[in-house]
Amino acid sequence: MAYGEFKTEHRITNIMNELNMDDDDVRKIYYTFDKLIILKKNLPNTFIQMNQQTFLLDKEIYVEKMQWINEFMKSKGMQECIFTDVDDFFTSSEDYDYYYELKTPTQYKKDEEERKEKKKK
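None of these values were measured; they are calculated from a predicted model. Within any chain, residue numbers begin from 1 and follow the written order of that chain's sequence. With the structure being a predicted model, the display of local features is reserved for residues of pLDDT at least 70 and the display and counting of side-chain atom pairs for 80 or more, all residues being used for whole-chain, interface and lining totals. Note that water and hydrogens are dropped before the side-chain values are worked out from all heavy atoms of the structure.

Moving on to the overall build of the protein. Put simply, DSSP marks the helices as runs of H or I at least four residues long and the strands as runs of E at least two long, and each gets a number from the N terminus on. Summing up its helical and strand segments, the protein has six helices and zero strands in all. When its helices and strands are written in sequence order, the protein yields α-α-α-α-α-α. Over its C-alpha trace the protein gives a radius of gyration of 15 Å, about what one expects of a compact globule, namely 14 Å for 121 residues. Seen through its C-alpha atoms, the protein measures out along the principal axes to roughly 40 × 35 × 30 Å. Each residue is assigned to one of three classes by its accessible area relative to the maximum for its type, calculated with a 1.4 Å probe on protein chains only: buried under 20%, partly exposed between the two thresholds, exposed over 50%. The 121 residues of the protein split such that 37% are buried. Working rule for contacts: check all heavy atoms of both residues, and any pair within 4.5 Å makes them a contact. Long-range contacts, defined as pairs at least 24 residues apart, comprise 64% of the intrachain contacts of the protein with a sequence gap of at least 6. Using a 1.4 Å probe, the Shrake-Rupley method yields the accessible areas, and only the shown protein chains count as cover for residues. As displayed, the protein has an accessible area near 8,000 Å², and 51% of this comes from carbon and sulfur atoms. A gap of 3 Å separates the mean positions of the 20 positive and 25 negative side-chain charges of the protein. Our radius of gyration looks at C-alpha atoms and nothing else; its globule reference is 2.2 Å times the residue count to the power 0.38. We treat Lys and Arg as the positive residues and Asp and Glu as the negative residues; His and chain ends play no part in the count. Think of each charge as sitting on NZ of Lys, CZ of Arg, CG of Asp or CD of Glu.

Quick look at the structure:
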């Protein structure tokens, strides 16, 4: 699928399917990700700046949710952490986008390649 792709998916959905997670587990993950919408990165800069300030003000709450997702997914068999630096707004925002935002197959592959390149550095 290239131009005009319509199939979109969450990377986290594929991971949960691979781990054979039940409906209740899936619901818990989606619910917690929804509470982290402040990390959404595809917004106008003014919104991102406001979200960053809110993150800093209520950091404890957001860090707790990200840590819970990391621990929960590891308990289900995931090897790596979803959120790689829960204390940093921008890193967490990148992680949120990578795992939770809907992507077309082309975007999905591009994100994977970019993430692999960053890990190499």
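That was the structure; now back to the text.
A few words on the pattern of salt bridges. In what follows, salt bridge is the name for a side-chain nitrogen of Lys or Arg lying within 4 Å of a carboxyl oxygen of Asp or Glu. Taken as a whole and assessed by the stated rule, the structure comprises eleven salt bridges. Linking Glu112 and Arg11 is a salt bridge whose minimum nitrogen-to-oxygen distance equals 3.0 Å. Of this pair, Glu112 sits in helix α6 (residues 105-120) while Arg11 sits in helix α1 (residues 11-18), and the two are 101 residues apart along the sequence. Residue classification places Glu112 among the partly exposed residues on the basis of a relative accessible area of 28%. You can call Arg11 buried: its relative accessible area is 3%. Taken together, the shared-partner salt bridges in this structure form one network comprising Asp24, Arg27 and Lys28.

If you trace the backbone, Ser92 turns up in helix α5 (residues 89-100). Under the relative-accessibility criterion, Ser92 is labelled buried at 0%. Identification of polar contacts relies on pairs of N or O atoms within 3.5 Å, with a donor-acceptor requirement for protein atoms, meaning one able to donate a hydrogen and the other able to accept it, and with residues adjacent in sequence counted only if both atoms are side-chain atoms. For Ser92, the side chain forms a polar contact with the main-chain oxygen of Asp88, separated by 2.9 Å. Non-local contacts of Ser92, meaning those with residues more than four positions away in its chain, are made with Leu39, Met66, Phe83, Asp85 and Val86.

Structural measurements only, silent on function.
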